[in-house]
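Understanding the architecture of this molecule
Each chain is listed here by its residues.
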Amino acid sequence: MSTLVDYFVGHQLHKSAGQPGRKKWLWLSICFNLGLLGFFKYYNFFVASMQNALTSIGFEVENTWTLNIILPVGISFYTFQTLSYAIDIYKGKLKPTNNFIAFAAFVSFFPQLVAGPIERASNLLPQFLSKRNFSYQNFSYGIKLMIWGFFLKLVVADRAAIYVNAVYGNIENHEGLSFVAATILFAFQIYGDFAGYSLIAIGTAKLFSFDLMANFNRPYFAASISEFWSRWHISLSTWFRDYLYIPLGGNRVKKPRWLFNLFITFLISGLWHGANWTFVVWGALNGIYLICEALFLKKKRKGILNVFVTFVLINFSWIFFRAESIGDAFYMIKTIVTNPGRLYVGSGDDIAASLYAALAIGILVLIEVKKEYFDTLFTISNNRFELVRMLGYAMILFLILYFGVFGKGQFIYFQF
C-alpha cells in the first residue's frame, strides 16, 4: 500500500501547480505512511502505557484494547525510504518516475529491505532504470564485504551475545562488574550485528552491480557524541537530519529552539527504534548529550581521552537500549555504583564463549585501529599480491566456521 500511495502521490506532487495543493498531497503521504507505522508498531505500546497510567491513579482497566497483530517485516525502514521519495519531489530535488516496477523495486529492494541502509530515491532508483551488466570487480568486492559482514555477525556479535544475554536476562543474580562487562560486550554485539548486516546487504547489492550507501564508519573512534552519530547508522542519522532536524530549523534558529530541535530529533529517533520506554529514554539521553556538547564544548574534541569519554557515555546509554525495562536499567545503574561485586565468568562452555568473544573483539579492534590511524600501511583486501589476499580471506572464513555461532538468533535490527 505504501508503494502504491507514494507512487501516485509523487505524480500528483509533480503535477500540482499551487503550494496548497502540493502540501495536501505531501501530508497525505506523511499521514498514510506514519499512520501505518504507528498502528502496527506503536498501537499496543500506547494502549498499554495508557492502561498503566490509569491503573496507577486508581482506575480498573481490563486488558481488552490491545490487538494481536504481526509487525510487517522492515516497516520502519521502508516507511522512511518511501517517505523520502515524496518529500524530495515536494522539495523539487527529484522528479517522479513513470516506471512503477522500478519504484516498487526501490521500496522493497531485498538486500536492504529488512534493516537498511535506508536509501534515497535519488541514489537507488536510477540504478533500476539502467542496464545491468555482470562485473567481476563488483562481484569480488561484494563477496569480500559479505565475508567481513558474516565475521562481524557470527563471530563478534553472536559470541558476545552469549554473555550479554546471560547477564541482562537474569539481572537479579549479577553484580555491578558483570553489568559493566555485559554492557561493553553489548556495545560490540550491536555494532557487529548491525554493521555486519549492513555490509552483507551492501555486498549482496554489489553482486548485482547496485551501489548502496555506507552505514557505519568505525563509530567507536568518535571523539564526541556528534561525531559518533555521524559514524553510526549513517543512513538513519542523515535521514533524521534532512527530513526532521533541518525542517524544524536546525541550528539556523535561536539557541533555545536549536537545542529543542536537537532533543526532539533524538527523542523521536529513540521511539523509532522500538515500542518501549527504554528506547525513548535512550534517545532522550543522546539528545541531552548533544545539548551539553552544544552548551559547554566550543571546540571540536580530539585525542584518545575524548574517544574514551565518548565510548563511556555511549555505553551508559546502551544500558537503556538493551534493558528489558526502565526499572531494570536503573537497577543495573544503581548496582554498578553501589555494589561492584564480582565479575561473572560462568563455567565450562560459558568461559570458552567469553574467551572466543574477547578474541573476536580483539581482532576487530586491531583491524579498525589500523583502518582508522594507519590506513596506508599493509593491507589484505587491496594487497597487490593475490596470495596474500587469498590467505587473508581464507583466515577470516576459518574464523567464521570455527568460532561462529550458527542457528541461534536473528539480526537485532530485524525487530525494528
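See the structure shown above.
Summarised in this report is the structure supplied together with it.

The rules behind the values
Residues numbered from 1 in each chain as written. Predicted model: local features only at pLDDT ≥ 70, side-chain atom pairs only at ≥ 80, totals over all residues. Heavy atoms only, no water. Helix = DSSP H or I, 4+ residues; strand = E, 2+ residues; numbered from the N terminus. Buried < 20%, exposed > 50% of the residue type's maximum accessible area, 1.4 Å probe, protein only. Contact = heavy atoms within 4.5 Å. Areas by Shrake-Rupley, 256 points an atom, 1.4 Å probe, with all protein chains shown as cover. Lys, Arg positive; Asp, Glu negative; His and termini not counted. Charge placed at Lys NZ, Arg CZ, Asp CG, Glu CD. Expected span 1.5 Å × (residues − 1). Bend = angle between axes of the 7 residues up to and from the residue. Polar contact = N/O pair within 3.5 Å; in protein donor to acceptor, adjacent residues only side chain to side chain. Phe/Tyr/Trp six-rings, centres within 6.5 Å; stacked < 30°, edge-to-face > 60°. Lys NZ or Arg CZ within 6 Å of the ring centre and 35° of its normal. Core = buried A, V, L, I, M, F, W, Y, C linked by side-chain atoms within 4.5 Å. Arc of directions from axis to C-beta. Salt bridge = Lys/Arg side-chain N within 4 Å of Asp/Glu carboxyl O. Axes fitted to C-alpha atoms, helices over the stretch in contact; angles between N-to-C directions. Parallel < 35°, antiparallel > 145°, perpendicular 65-115°, else oblique. Nonpolar A, V, L, I, M, F, W, Y, C, P; charged D, E, K, R; others polar. Left-handed = near helix turned anticlockwise from the far one by under 90°. Patch = residues over 30% accessible without salt bridge, like charges linked within 9 Å, V, L, I, M, F, W, Y side chains within 5 Å.

1. Re the overall build of the protein chain
- A tally of regular secondary structure across the protein chain gives 15 helices and zero strands.
- Classification of the 416 residues of the protein chain by burial places 50% in the buried group.
- Counted over contacts in the protein chain with a minimum sequence separation of 6, partners at least 24 positions apart contribute 73%.
- Accessible surface, the protein chain: about 21,100 Å² in total, of which carbon and sulfur atoms supply 66%.
- Separation between the mean location of the 35 positive side-chain charges and that of the 21 negative ones in the protein chain comes to 13 Å.

2. A short note on helix α6 (residues 136-168)
- Counted at 1.5 Å a residue, the expected span for α6 with its 33 residues is 48 Å, and the 45 Å between its end C-alpha atoms agrees.
- Along α6, the helix axis deviates most sharply at isoleucine 162, where the bend reaches about 30°.

3. Thoughts on the environment of asparagine 138
- Looking at the element boundaries, asparagine 138 is found in helix α6.
- Between the C-alpha atoms of asparagine 138 and leucine 207, which are 69 residues apart in sequence, the distance is 6.0 Å.
- When sequence neighbours within four positions are dropped, the list of residues in contact with asparagine 138 reads Lys206, Leu207 and Ser209.
- Looking at asparagine 138, its side chain comes within polar contact range of the side chain of serine 209, at 3.1 Å.

4. Considering the packing of aromatic side chains
- Scanning the entire structure with this criterion turns up 49 aromatic pairs.
- Here the basic side chain of lysine 41 rests over the ring of tryptophan 272, its NZ or CZ set 5.3 Å away from the ring centre.
- The ring of phenylalanine 210 has arginine 132 lying over it, and the distance from NZ or CZ to the ring centre is 4.0 Å.

5. Comments concerning the nonpolar core
- Counting residues in each nonpolar core, the largest one holds 107 residues, and the members touching the most others are Phe151, Tyr220, Trp232 and Trp318.
- Ranked by residues supplied to this core, first place goes to helix α7 (residues 176-207) with 16 residues.
- Beyond its immediate chain neighbours, meaning those up to four positions away, tyrosine 220 contacts Ala187, Phe188, Ile190, Tyr191, Phe228, Trp232, Val307, Phe311, Ile314 and Trp318.

6. A few points about helix α13 (residues 326-338)
- Given a rise of 1.5 Å per residue, 13 residues ought to cover 18 Å, and the 18 Å separating the end C-alpha atoms of α13 matches this to within 8%.
- Along α13, the residues classified as buried are Ala329, Met332, Ile333 and Thr335. Buried positions in α13, seen along its axis, are confined to an arc of 165° and lie on one side of it. Of the exposed residues in α13, those oriented more than 90 degrees away from the buried face are Lys334, Val337 and Thr338.
- Buried residues along α13 sit against α6, α7 and α12 (304-322).

7. Section: the pattern of salt bridges
- Overall, the coordinates contain nine salt bridges when judged by the stated rule.
- Taken together, the salt bridges that share partners define one network made up of Arg218, Glu227, Arg231 and Glu372.

8. Points about the side chain of serine 16
- Of note, serine 16 is situated in the loop between α1 (2-15) and α2 (19-56).
- With relative accessibility at 19%, the residue serine 16 sits in the buried group.
- Look past the residues within four positions of serine 16 in its chain and what remains in contact with it is Gly21, Arg22 and Trp25.

9. Observations concerning unusual backbone geometry
- For serine 209, which is not glycine, the phi dihedral falls at a positive 65°.
- The residue serine 209 is located in the loop between α7 and α8 (225-231) in this model.
- Residue classification places serine 209 among the buried positions, given a relative accessible area of 12%.
- The backbone of histidine 233 shows a phi angle near 40°, a positive value even though the residue is not glycine.
- Mapped onto the elements of the fold, histidine 233 is located in the loop between α8 and α9 (234-245).

10. Thoughts on the packing of α7 against α12
- Two elements in contact, α7 and α12, have axes whose closest approach is 9 Å; the angle formed by their N-to-C orientations is 85°. Relative to α12, the element α7 is oriented roughly perpendicular. Taken together, the residues of α12 that come into contact with α7 (itself represented by Thr183, Ile184, Phe186, Ala187, Phe188 and Ile190) are Phe311, Asn315, Trp318, Ile319, Phe321 and Arg322.
- Residue classes in the contact of α7 with α12 are distributed as nine nonpolar, two polar and one charged.

11. Concerning the packing of α9 against helix α10 (residues 255-273)
- Relative orientation of the contacting elements α9 and α10 amounts to 130°, with a least axis distance of 11 Å. Between α9 and α10, the angle falls in the class oblique. The chirality of how α9 crosses α10 is right-handed. Contacts between α9 and α10 involve Leu236, Phe240, Leu244 and Tyr245 on the former and, on the latter, Trp258, Asn261, Leu262, Thr265, Ile268, Ser269, Trp272 and His273.
- A class-by-class count of the residues in the contact of α9 with α10 yields eight nonpolar, four polar and no charged.

12. Topic: a nonpolar patch on the surface
- Together, Leu177, Leu343, Val345, Ile351 and Leu355 line one region of the surface with nonpolar side chains, adding up to about 430 Å² of accessible area.
- Residue placement: valine 345 occurs in the loop between α13 and α14 (349-373).
- Classification of valine 345 as partly exposed rests on a relative accessible area of 46%.

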